[in-house]
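Fold and geometry: a report
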Amino acid sequence: MWEVISCCQNDICTPILSPRSGNNSQPSLTFNASTISEDPMEEVGLPFMERGDSHFRHERWGDAIECYDIALRMKRAALGSGHMSVAETLMVKGHAYAKMGRYLDAIEFYENSKTVFAEHEDEDSCSKVQDILLCIASQFGLAGNYSGALSAYEKSLLLLKNEQEDYCLSTAFILNSMGINYYKMDDMNGAMRSYVQALQVQRCYLGDEHPDTAATLHNIGIVHFKTGDYDEAFNCYSWAIRIIREGMEKDPPYDKINPEDNITYAAMLSSIGVIHSKRKKHVVALRCFHQALEIQKSIFGEEHSEITKCYNNIGNAHFETSEFEEALKYYKLSADIQNHLKLKGSEGMTQTSLNIARVYAQQEKYLESIKMYKEVLKQQKADLGENHDAIGKTLKSMSIIYNKLGNLDNAVEADVESTHILMNENISNEWFGMFVNTSASKNEKDDIDTTRQKTFEFDDFPSILYEFQTPF
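Residues numbered from 1 in each chain as written. Predicted model: local features only at pLDDT ≥ 70, side-chain atom pairs only at ≥ 80, totals over all residues. Heavy atoms only, no water.

**What to know about the overall build of the protein chain**
Filter applied, for reference: Numbering of helices and strands runs from the N terminus, with a helix taken as a DSSP run of H or I at least four residues long and a strand as a DSSP run of E at least two residues long. Burial classes: relative accessible area under 20% of the type maximum marks a residue as buried, over 50% as exposed, and values in between as partly exposed (1.4 Å probe, protein chains only). In what follows, residue pairs with any heavy atoms lying within 4.5 Å of each other are defined as contacts. All accessible-area figures derive from a Shrake-Rupley calculation using a 1.4 Å probe, and residue coverage is judged against the displayed protein chains alone.
Check the secondary structure of the protein chain and you find 20 helices and zero strands. Every one of the 472 residues in the protein chain was classed for burial, and the buried ones make up 51%. In the protein chain, 64% of the contacts between residues at least 6 apart in sequence involve partners at least 24 apart. With the model as given, the accessible surface of the protein chain reaches about 21,900 Å², and the carbon-plus-sulfur share is 48%.

And the structure:
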């Protein structure tokens, strides 16, 4: 267990990280390495650095990397591999790889940069090491290596110093980021511990009415939701949304206040809507989702990954009330945006395809349903391997659809394969025996299908988690 860093007798950690408290709320990283130094030797490769920075600003990551690479070779030849300017160049090259989504390459260059900075013992170098550790942690998290991310965050925590002006806010940022990774590892105890520590420090340092405090409350609510404690989740969401709403009422309308507060408010509205859906209050839930959608469109425009989540939530609410045409409408809106943004193959796209498959099944459009399930299964196997629980659940659904189509061979094959994955042989064999028994009544078979779907159906409402990565 990592050592807790005390601040105002408390510690911190939060999932929705709001930049409201200023630049200090998130440790900033420099990517412009072309600052002219008093030492003319440090201007080696400067034209290539400036050209690389220009490419970086225009999101031409590959061109930026080429320029940085030329500058890096020049600096190593003229200044030696241990020079600070070399470390800066390694770092910005890591930033470019990170922007390209090449997480492992980014980590390699960050590690090399950190090694050089660590050889220098001045205060600026120590600060750079801490910032690079945050970059490494972020890339590990994006690559799905959550334990690697946590390790880097812990090392960064140890480098924080009490005398730093932004000590509390930096600690909050790191612990919040750790909470996100614990959450993704399904370690709800670790996530809750981090978020509660964050809340204690933020209440002490920022007060009870600060947006960052509200964000932490929201994240605590997410953990309660995940563990099935919907009442506690609702209380946390309600408290958080009151803080944000009261702040917004002091400076309406939406487009006149801090955009980050809008994002947070939209996330909280969605979370409240999810709780209402769980409580079967679908009209209220839809009102929350549509209000969140309106805010998100005002911030992001018509096409953004966050908009797709809101469309899915609206679709889920209509699905729960058996309004399948409306559900399908919103699922397809989500899928259209994801396709346009080239998000095909992402977790969100897989979930949307799964939702569409379920609607088709409910509408008895079994051929369309099985086609969507096949796409889902292919993507899940590519992302998760051959033996993940999610694949077993998808195969169970497919076995039922194949049964509806009268394709018993494929139904049996899918059920056997899913049973092997889920290790749920007793239930599966019982169902299989009735499903192949031609003397079983239609009602019996329908009852079996209903029971099976309840057993393996995905959570209709994926948790909404907004993550603000360390800025470059």
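**A short note on the nonpolar core**
Definition in use: Buried Ala, Val, Leu, Ile, Met, Phe, Trp, Tyr and Cys residues that are joined via side-chain atoms within 4.5 Å together make up what is termed a nonpolar core.
Within the largest apolar cluster, 86 residues are counted, with the highest numbers of intra-cluster contacts made by Tyr110, Ile174 and Met178. Residues Leu354, Ala357, Met372 and Met398 belong to the second largest nonpolar core, which totals 27 residues.

**A closer look at the side chain of Thr352**
Selection rule: Any pair of nitrogen or oxygen atoms within 3.5 Å is treated as a polar contact; in protein, a donor-acceptor pairing is required on top of that, and neighbouring residues in sequence qualify only through side-chain atoms on both sides.
One can find Thr352 in helix H15 (residues 347–362). Take Thr352: its relative accessible area is 0%, and that puts it in the buried class. Within the structure, Thr352 has its side chain in polar contact with the side chain of Asn312 (distance 2.9 Å). Among the polar contacts listed, one links the side chain of Thr352 to the side chain of Ser334, at a separation of 3.5 Å. Leaving out residues up to four positions away in the same chain, Thr352 has contacts with Asn312, Tyr331, Ser334, Ala335 and Gln338.

**With respect to the confidence of the model for the protein chain**
Using the following cut-off: Every residue gets a pLDDT, meaning the predictor's confidence in that residue, from 0 to 100.
Residues with a pLDDT of 70 or more make up 77% of the protein chain, whose mean pLDDT is 79. Segment residues 1–38: pLDDT under 50, and 149 contacts once partners within four positions in sequence are set aside and those in other chains are kept. In this model, residues 424–472 is a region of pLDDT below 50 whose contacts with residues beyond four sequence positions or in other chains number 106 contacts.

**Focus on the packing of helix H12 (residues 282–300) against helix H13 (residues 305–320)**
As a reminder, the rule being used: Simply put, an axis is a line fit to the C-alpha atoms, just over the touching stretch for a helix, and the angle between two N-to-C directions goes from 0 to 180 degrees. Under this scheme an angle from 65 to 115 degrees is roughly perpendicular, one under 35 degrees roughly parallel, and one over 145 degrees roughly antiparallel; angles in between are oblique. Crossings are sorted by hand: turned counterclockwise from the far helix by less than a right angle, the near helix makes the crossing left-handed, and turned clockwise it makes it right-handed. The residue classification treats Ala, Val, Leu, Ile, Met, Phe, Trp, Tyr, Cys and Pro as nonpolar and Asp, Glu, Lys and Arg as charged. All others, Gly included, are polar.
Orientation of H12 relative to H13, taken along the N-to-C sense of each, is 165 degrees, at an axis distance of 9 Å. Relative to H13, the element H12 is oriented roughly antiparallel. As for the relative orientation of H12 and H13, their crossing is left-handed in sense. In this structure, H12 contributes His282, Leu286, Phe289, His290, Ala292, Leu293, Gln296, Lys297 and Phe300 to the contact, and H13 contributes Glu306, Ile307, Cys310, Tyr311, Asn313, Ile314, Ala317, His318 and Glu320. When grouped by side-chain class, the residues that make up the contact of H12 with H13 number ten nonpolar, five polar and three charged.

**Comments concerning helix H8 (residues 188–205)**
As a reminder of what qualifies: Helices are assigned an expected span. That span is 1.5 Å times one less than the residue count.
For H8, which comprises 18 residues, the first-to-last C-alpha distance of 25 Å matches the rise-based estimate of 26 Å (1.5 Å per residue) to within 8%. Structurally, H8 contributes buried residues whose contacts are with helix H7 (167–184) and helix H9 (211–226). Where H8 begins, the side chain of Asp187 points an oxygen toward the backbone nitrogen of Asn189, at a separation of 3.4 Å.

**Comments concerning the pattern of salt bridges**
Applicable threshold: Just to be clear on terms, a salt bridge is a Lys or Arg side-chain nitrogen sitting within 4 Å of an Asp or Glu carboxyl oxygen.
All told, the structure shown has 16 salt bridges when counted by the stated rule. Between Glu88 and Lys128 there is a salt bridge; the shortest N-O distance is 3.6 Å. Here Lys128 lies in helix H5 (residues 123–142) and Glu88 lies in helix H3 (residues 84–99), a separation of 40 residues in the sequence. Summarising the burial analysis for this pair, Glu88 and Lys128 share the class buried. One continuous salt-bridge network, built from bridges that share partners, spans Asp69, Arg73 and Lys93.

**Quick word on the environment of Gly179**
Tracing the sequence through the fold places Gly179 in helix H7. In this structure Gly179 comes out as buried when scored by relative accessible area, which is 0%. For the pair Gly179 and Asn219, spaced 40 residues apart in sequence, the C-alpha to C-alpha distance is 8.7 Å.

**Side note on a negative patch on the surface**
Stated formally: Residues forming no salt bridge and having over 30% relative accessible area are the ones grouped into patches, like charges within 9 Å of each other and nonpolar side chains (Val, Leu, Ile, Met, Phe, Trp, Tyr) within 5 Å. When charges are counted, neither His nor the chain ends are considered; positive counts come from Lys and Arg and negative counts from Asp and Glu. All charge positions are set by atom: Lys at NZ, Arg at CZ, Asp at CG, Glu at CD.
Among the surface-exposed residues, Glu121, Asp122, Glu123 and Asp124 lie close enough to one another that they form a single negatively charged patch. Along the chain, the position of Asp122 falls in the loop between helix H4 (103–118) and H5.

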